[in-house]
Protein chains: 4
Amino acid sequence: MANSIVELSTFLHRRGCTTLVEQATAAALEGACGSPASYAEIGRRADLAVVLGGDGSMLNAARHLAEHGVPLVGINQGRLGFMTDISRQDMLRRIDDLLEGRYRPERRSLMLARILRDGACVFQTPALNDVVVSKGEVGRMIEFELRIDDEFVYNQRSDGLIVSTPTGSTAYALSANGPILHPAVAGIAIVPLCPHTLSARPVTICDDSVIEITLAHPHEARVRGDGQTHFDLRPGDCVRVSRAPGALVLLHPPGYSYFAMLREKLRWSEAPSNQ
Amino acid sequence: MANSIVELSTFLHRRGCTTLVEQATAAALEGACGSPASYAEIGRRADLAVVLGGDGSMLNAARHLAEHGVPLVGINQGRLGFMTDISRQDMLRRIDDLLEGRYRPERRSLMLARILRDGACVFQTPALNDVVVSKGEVGRMIEFELRIDDEFVYNQRSDGLIVSTPTGSTAYALSANGPILHPAVAGIAIVPLCPHTLSARPVTICDDSVIEITLAHPHEARVRGDGQTHFDLRPGDCVRVSRAPGALVLLHPPGYSYFAMLREKLRWSEAPSNQ
Amino acid sequence: MANSIVELSTFLHRRGCTTLVEQATAAALEGACGSPASYAEIGRRADLAVVLGGDGSMLNAARHLAEHGVPLVGINQGRLGFMTDISRQDMLRRIDDLLEGRYRPERRSLMLARILRDGACVFQTPALNDVVVSKGEVGRMIEFELRIDDEFVYNQRSDGLIVSTPTGSTAYALSANGPILHPAVAGIAIVPLCPHTLSARPVTICDDSVIEITLAHPHEARVRGDGQTHFDLRPGDCVRVSRAPGALVLLHPPGYSYFAMLREKLRWSEAPSNQ
Amino acid sequence: MANSIVELSTFLHRRGCTTLVEQATAAALEGACGSPASYAEIGRRADLAVVLGGDGSMLNAARHLAEHGVPLVGINQGRLGFMTDISRQDMLRRIDDLLEGRYRPERRSLMLARILRDGACVFQTPALNDVVVSKGEVGRMIEFELRIDDEFVYNQRSDGLIVSTPTGSTAYALSANGPILHPAVAGIAIVPLCPHTLSARPVTICDDSVIEITLAHPHEARVRGDGQTHFDLRPGDCVRVSRAPGALVLLHPPGYSYFAMLREKLRWSEAPSNQ
């Protein structure tokens, strides 16, 4: 990866761009290129954030940068990801496309999860993919109440609940039989994990809804944001999920197609070989 | 039903309202009440359309009246329906609520399906619930190409495809394992019927998309609107589905809850008796 | 195909075998090879039936020959099928394997469906894959009662019901979300088609059970055996499905693997390309 | 429960039966009735084991007693369970039925899971419902290889894998979308938990198969038997599951119906209220 960063950095300098390197990455590189900067500084100063890595790196950068409105583009070292559209070998050509204005921007909503305990917020995390409340270390099923916009929806016994954006709908939620939502749909999918009732089905609601998951006594659970942040819940804790202010802007190179990505990454709807 | 119409008509007259009765219904009633009128005339003149019947009657009235912008309310003779919120015994009290302004309006999108053959439109139908392309009389699986906003999505072999609004997402599409979409979500679900590939999954797209289903040779199929209108397709025919102009406005009485309706009508997420 | 039959026939003669050719096929070939024979005669005289064709040809041959106990082997002209293990180019080598005793026999149960009307059997068909009761030409959902071993199971409204052997569990039943049953499991899967209740799930029962599907008034439906035979049902008709006497014996060449077939034919459990 | 035990014990004494009380229970009751005995002693001496409690108590007793061949019957204090057919209020009448020979015995297979590490068995547990290999405390997805009867089946990334008997098919496996298997089917269902591939589906195999799940490096996981026993797996560990010798015999009172139990306990295939 160091090579890629140096190569990209050199290229950008030649194009007259100033580059900042996220400080932890810069430290790992031992100052080989660019000025080290915190996410906050990158957020304030950068016009474009280029992420070299996989979808996990994109999720991490997105949670740090979304509130600053810096557009993101992802370059994948290995195989392409759901959000990393540019392959390592096409890097310079595609970045050139972006600098010349040849790209399509796409807005992606983030969610903000806040944990309320005795009326106070004891933890919060943004999430680009999903907020997952699930059984914690003990590994037993949990029981909780779901409310949406202050209306009772259901009590559920299950392994947990996934609250997913359209971006997250092709990630963990999909493995739990959640719906695929195109990023242009302003919806949030609520997907049970191994629910203890045959009539449970995911429901997709408007993304300006407020979702509250309150853990029943004596259940303990864990809440995760994008599978990267987590907090342990006590009985009675409430996880309140709402749309985060602002939005992430992804820049797609020319030729990007959401449905092609579904087919390639998920083999979605691909016919078996005998057809 | 005749009794209900007479009772409602009398009540409305006392409240100073003029009533029109859909002409086929009026003929069946032999002129017992109100002035007979075509759907078109009702559409032009009425401030409110009251449907006495089940969801099927609502679908039918909605397809006729949606373009005119007349709000609808449904009164159910038997059990409540997905769209008929008012029970027969509460009829007068609830209509009184509406006349006094105690209601919540809700917009529901309709779709328009047009059949294109050799470049010409040979049939069209609006649909509030769903447009279904499926195997016709022959009863064999069909093969077709799906395009969305002129982009190739997939070729599929299956029993057919359901294109469903949020309103239709709790109807036929749900029985084919489609996603439940809250009416406030501006989405359209595309749900395969018994697809011949394990990796097929429904996808939900933005409701301003244009969906094109082109039947492969030599397959024949049938297209249906809301299960109430139909047209037989020939090989090569294209079914183009887009959002219909305007929208249906449903009036809900005080206390209406979408999630409560899901629980009552579908036993959605209801816990088994041993919990 | 004519070439393949001639080539195979010549090869078998050299090996000292007598060959019979199914009479309709023989007529199409205009007597180029072998003695024409009815399925019944083949059933009585043959030690091995070689089917050149796809799974559809195998299903057809199986329904005709299973009662006679003649083992079957399938040779596929194009791509391999679920039951046709031998490719055209390996034909002679694989038939040689069989003649030398290098094969693995596998028993597959068939079902027998009988239509009872007013106490009399008005139609019957064997089935190797499935017996499907589904909406007929009218194309509306149907309603029926299911009984197993004379015990009430449920009343259902749906598009229909699939009764499937393990052999059929990777065919139509799978597209309706039915379970995959290994051929060694002595079970029958009962799989609803688009059921009108969220809590419907397929159930797998012992294959010596007797299954009765009685059509409610005023519903009409069609019953199909392996998608190749059919009969139109009237309201009140009962479809009684039980295991057929005897069993089909398939001969598999060395190296055959059921799980490999699932992976190749269905892309079953195949990891997406990003893994 | 103490009251129930005393009442049952008194009743059995009057009928001339000798009663043993499981020793931990006896200790809790402080000697109120019957002779304390270990499970092993109960296994050797008893003609019938009566379990007062829910399905969890049945699972526990079954794992201890199955190898001894003592038939079990369950009495449920609260609502009936999947395996506890007799309600508290019917207790004496139903036990009288059993003593008079009015019952239907049903055999249920158990599985035995052995954990192999460097060739040695480091843990083993029987299971009546299921053997579950799933992500442990760390809570990340796991990766493993599945082999059946020494044949490669697939590599999978998922939250885990459920190996379930027909008895367990209405328990945890069902919440993970596994198939319902009637107890008379000699099958084992293999059900992925949130698999990372759209084409994953459960498969049901013959219950005399040997199933091996080998954890890939560097993954850690936990294996559970019936959700009641557990062991932490290291990378490379193999979980080998096979049918346990012997079988559990359940005694059902007159009138017991498996399908009625499915309908009552799971609301299986129950029509919504509008039908």
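Residues numbered from 1 in each chain as written. Chains lettered and ligands numbered in written order. Predicted model: local features only at pLDDT ≥ 70, side-chain atom pairs only at ≥ 80, totals over all residues. Heavy atoms only, no water.

Colleague: Explanation requested: the interface of chain B and chain A in the structure shown.
Modeller: Note on interface size: it is often stated as the accessible area lost on association of the parts. Taken together, the 36 residues of chain B in the interface contact 36 residues of chain A. Taken together, the links from chain B to chain A amount to zero salt bridges. The tally of links between chain B and chain A comes to 20 residue pairs in polar contact (both at pLDDT 80 or more). Secondary structure elements with two or more residues in the side of chain B that touches chain A: strand 11 (151-158), strand 13 (180-181), strand 15 (203-206) and helix 7 (258-266) of chain B. Per-element tally for the side of chain B that touches chain A: the top contributor is strand 11 of chain B, with six residues. Each residue belonging to the side of chain B that touches chain A can be placed in one class, and the counts come to 20 nonpolar, ten polar and six charged. In this structure, strand 15 (residues 203-206) of chain A lies alongside strand 13 of chain B, joined through two bridges in parallel fashion. Directly across from Thr-204 of chain A, in strand 13 of chain B, lies its bridge partner Leu-181 of chain B. (Contact = heavy atoms within 4.5 Å. Salt bridge = Lys/Arg side-chain N within 4 Å of Asp/Glu carboxyl O. Polar contact = N/O pair within 3.5 Å; in protein donor to acceptor, adjacent residues only side chain to side chain. Helix = DSSP H or I, 4+ residues; strand = E, 2+ residues; numbered from the N terminus. Nonpolar A, V, L, I, M, F, W, Y, C, P; charged D, E, K, R; others polar. Pairing = 2+ DSSP bridges.)

Colleague: How do you make sense of the sheet that holds strand 16 (residues 211-215) of chain D when you look at a structure like this?
Modeller: Hydrogen bonding along the main chain pairs the strands of a sheet, whether they run parallel or antiparallel. In spatial order, the strands read 8-7-19-16-10-11 (chain D); together these six strands make up an open sheet with antiparallel pairing. Each edge of the open sheet carries a strand with a single partner, namely strand 8 (120-127) and strand 11 (151-158) of chain D. For this sheet, the mean angle separating the axes of adjacent strands, direction not counted, is 20°. Helix 7 (residues 258-266) of chain C contacts strand 10 (142-148) and strand 11 of chain D of the sheet and is inclined by roughly 50° relative to strand 11 of chain D. (Axes fitted to C-alpha atoms, helices over the stretch in contact; angles between N-to-C directions.)

Colleague: Would you explain the pattern of salt bridges in this entry?
Modeller: Oppositely charged side chains can pair when the atoms bearing their charge come close. Applying the stated criterion across every chain, the model contains 76 salt bridges over all chains. Ionic pairing is found between Arg-157 of chain B and Glu-143 of chain B, a salt bridge with its closest N-O pair at 3.4 Å. With Arg-157 of chain B in strand 11 and Glu-143 of chain B in strand 10 (residues 142-148), this pair connects stretches of sequence that are 14 residues apart. Overall, Arg-157 of chain B belongs to the partly exposed group, its relative accessible area being 28%. A relative accessible area of 24% places Glu-143 of chain B in the partly exposed class. A network of salt bridges, in which partner residues are shared, links Arg-15, Arg-94, Asp-96, Asp-97, Glu-100 and Arg-102 of chain A. (Buried < 20%, exposed > 50% of the residue type's maximum accessible area, 1.4 Å probe, protein only.)

Colleague: Where do I start with the side chain of Asp-237 of chain B in this structure?
Modeller: Residues and elements named next belong to chain B. With respect to the element layout, Asp-237 can be found in the loop between strand 18 (229-233) and strand 19 (238-243). Note on Asp-237: relative accessible area 2%, which makes it buried. Here the side chain of Asp-237 touches Arg-117 through a polar contact of 2.7 Å, side chain to side chain. Polar side-chain contacts of Asp-237 include one of 2.8 Å to the backbone nitrogen of Arg-234. With near-sequence residues (within four places) excluded, Asp-237 lies in contact with Ile-115, Leu-116, Arg-117, Ile-213, Thr-214, Leu-215 and Asp-232.

Colleague: Whenever I open this one, the packing of aromatic side chains confuses me. Can you help?
Modeller: Aromatic ring pairs are described here by two measures, namely the spacing of the ring centres and the angle between the planes. For the coordinates displayed, the defined rule picks out 16 aromatic pairs over all chains. An angle of 70° between the planes, with centres 5.2 Å apart, marks the rings of Trp-268 of chain C and Tyr-154 of chain D as edge-to-face. Placement of Trp-268 of chain C in the segment after helix 7 and of Tyr-154 of chain D in strand 11 is noted, with the two residues assigned to different chains. Classification of Tyr-154 of chain D as buried rests on a relative accessible area of 2%. Here a set of aromatic residues connected by ring pairs shows up, and it is made of Tyr-154 of chain A together with Tyr-258, Phe-259 and Trp-268 of chain B. For Lys-265 of chain C, the ring lying beneath its charged end belongs to Phe-82 of chain C, and the centroid distance is 5.3 Å. (Phe/Tyr/Trp six-rings, centres within 6.5 Å; stacked < 30°, edge-to-face > 60°. Lys NZ or Arg CZ within 6 Å of the ring centre and 35° of its normal.)

Colleague: For this particular structure, what's the right way to read the relation of the copies chain B and chain A?
Modeller: The second copy of the chain is related to the first by a rotation about an axis and a shift along the axis. Under the fitted operation, chain B is carried onto chain A by 0.0 Å of movement along the axis and a turn of 180°, and the coordinates agree to an RMSD of 0.0 Å. Seen this way, the second copy is the image of the first under a two-fold rotation axis. The C-alpha atom lying nearest the rotation axis in chain B is that of Pro-179 of chain B; the distance is 3.0 Å. (Least-squares fit on C-alpha atoms with pLDDT ≥ 70 in both.)

Colleague: Quick question: what am I supposed to make of the domain arrangement of chain A here?
Modeller: All names here are of chain A. According to the domain assignment, chain A contains domain 1 (2-108 + 247-265) and domain 2 (111-243). Its C-alpha centre places domain 1 at a distance of 29 Å from the equivalent point of domain 2. Listed as interface residues are 14 residues of domain 1 and, on the opposing side, 14 residues of domain 2. Across the domain 1 to domain 2 interface the summed buried area is about 1,200 Å²; carbon plus sulfur atoms make up 65%. Across the contact surface, domain 1 and domain 2 share one salt bridge. Viewed at the interface, domain 2 and domain 1 are joined by five residue pairs in polar contact (both at pLDDT 80 or more). Broken down by secondary-structure element, the contributors of at least two residues to the side of domain 1 that touches domain 2 are helix 4 (55-65), strand 6 (104-108) and helix 7 (258-266). Among the elements that take part in the side of domain 1 that touches domain 2, helix 4 stands out by supplying five residues, more than any other. Grouping the amino acids of the side of domain 1 that touches domain 2 by side-chain chemistry returns eight nonpolar, two polar and four charged. (Domains from an automatic or database assignment. Buried area = accessible area lost by both parts, 1.4 Å probe.)

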